[in-house]
Structures are given as structure tokens and as C-alpha cells.
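So the chains spell out like this:
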Amino acid sequence: MPKVKGWLGFHLKMHKISLELFQAFVDALNDHLIGLNNGDVKKINESLRVFGRKMAETLLIEYAEKIKEHAGEFEELKDTLSIAYKVFTGSSMTKVWYDPEEKAIYYEDANCPFCKDVNLSENLKGLQYCLFVGGVFQEVARLRGFGEAICEEIGCKTWGNDKCVYKLRLVE
Ligand SMILES: [Zn+2]
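Rules used throughout
Residues numbered from 1 in each chain as written. Predicted model: local features only at pLDDT ≥ 70, side-chain atom pairs only at ≥ 80, totals over all residues. Helix = DSSP H or I, 4+ residues; strand = E, 2+ residues; numbered from the N terminus. Expected span 1.5 Å × (residues − 1). Buried ≥ 20, exposed ≤ 12 C-beta atoms within 10 Å, placed from the backbone. Pairing = 2+ DSSP bridges. Axes fitted to C-alpha atoms, helices over the stretch in contact; angles between N-to-C directions. Contact = placed C-beta atoms within 7 Å. Parallel < 35°, antiparallel > 145°, perpendicular 65-115°, else oblique. Left-handed = near helix turned anticlockwise from the far one by under 90°. Nonpolar A, V, L, I, M, F, W, Y, C, P; charged D, E, K, R; others polar.

Student: Explain helix α2 (residues 19-36) here, please?
Tutor: Residues three or four positions apart in an α-helix share a direction because the helix packs 3.6 residues into each turn. When the terminal C-alpha atoms of α2 are compared, their 25 Å separation across 18 residues agrees well with the 26 Å that a helix rising 1.5 Å per residue should span. At the exit of α2 stands Asn38, carrying a positive phi of roughly 50°.

Below, the structure is given as C-alpha cells:
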């Protein structure tokens, strides 16, 4: 698939940063947001989403024109996101699929690099620890011209799940 190769080749030229450094940053971000919002899980999740969306702006701003060339059907976005995820985190999504009835892209990572070794206390269950990734994806969908999208983490390793599970759908 030349479309995907274009994306991959382009992004592999990017400078690498240590994953350990980024994991430490994500831990610090969550810790800070928990304190700042007095453990209000809903508010923390929204902050993580906004954080991811702003990341997408930075990541894509220079490349928007290039990426536009690759725009196809919404369901094809699953391949782009899957490759971007691998390039940026070094982790492969365990499973990624499109549900035509729900018009939603689902992805799972049983080895989520951000949530491994993190166990949230009972009062923080529901905190979408790696939701910034979902925020990036929903903003990518928007910037690629698919319209407003929402990405929700519906299962997280930090809740005791065996994988982090995401659902990305367009908002009608
Ligand atoms: Zn995770």
C-alpha cells in the first residue's frame, strides 16, 4: 500500500526520543492532573484528551498538507493510526479493526507502554491513563477532514484489564 508507505517513510525520519523519558512524563502528567483535580476522574480524563489534541496539532501542523494527500475513507484511518502508534511508541497494537455497524475504529494494546506497571487505586478507577493517545487520534481524524470525532478508552490496564482498548468514532 503506497499510501501507508508514504506515511511510514516520512515519520521514520523523525528524531527519536527515549520511551522511558516519555513514560516518566506521562506518569508525572497523570500524577499532576490527579492532584490538580482532587482525583475527579472525569476532569482528569478531559485534560488528558485536550493534551493529546494539542499534541496532534504540533505533530501534524507541518505535515497537514502531505497527510491530506493520503485521506481516504474513515475506516482506512485504522491503518494509518496503527502505523503511527508503532512508529511513535515502538509498541504494536495487539488488534485493530473497524466495526461497520457502529462506524467505529477499535484498537487494543495488551502491552500499552504507558500503563504497564501502573495500578490505580480504587477511587481512581475509570481514569483513562493513556487517553492522550486517543486525543491525538481524534484530532488526527478531524485534521484529516473526516469531521468531529471522539476517542474513548473503554478498557485500561490500569483498571486491571489485560489490555487498553480504544474506540474512535465520528460524531454525527
Ligand atoms: Zn494504556
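From this point on, the discussion continues.
Student: In this structure, what is going on with the environment of Phe22? I would like to understand it.
Tutor: Position of Phe22 relative to the elements: it lies in helix α2. For Phe22, a count of 14 C-beta atoms within 10 Å puts it in the partly exposed group. Put simply, Phe22 and Pro113 are 91 residues apart on the chain and 9.7 Å apart in space, counted from C-alpha to C-alpha.

Student: It is not clear to me how the sheet that holds strand β4 (residues 164-170) should be interpreted in this structure. Could you clarify?
Tutor: The strands that make up a sheet are held in pairs by hydrogen bonds between backbone atoms, and each pair lies either parallel or antiparallel. Judged by pairing direction, the sheet is antiparallel, and its four strands sit side by side in the order β1-β2-β4-β3 without closing on themselves. Two strands bound the open sheet, and with one partner strand each, they are β1 (95-99) and β3 (149-155). Mean inter-strand twist for the sheet, computed between neighbouring axes without regard to direction, equals 20°. When β3 meets β4, the two strands line up antiparallel, connected through six bridges. Residue pairing across strands places Glu152 opposite Lys167, the latter belonging to β4. Sitting on the sheet, helix α6 (residues 131-143) touches β3 and β4, and the angle it makes with β3 is about 155°.

Student: Please explain the packing of α2 against helix α3 (residues 41-60) as it appears in this structure.
Tutor: Helix-helix packing: each pair is described by the crossing angle between the helix axes and the interaxial distance. Interhelical geometry of α2 versus α3 gives an angle of 140° and a closest axis separation of 9 Å. Taken together, the axes of α2 and α3 lie oblique to each other. Where α2 crosses over α3, the two elements pack in a sense that is right-handed. Between α2, through Leu29, Leu33 and Ile34, and α3, the contact on the second element is made entirely by Ile44, Ser47, Leu48 and Phe51. Considered class by class, the residues forming the contact of α2 with α3 number six nonpolar, one polar and no charged.

These results come straight from atomic positions and should not be treated as a statement about function.
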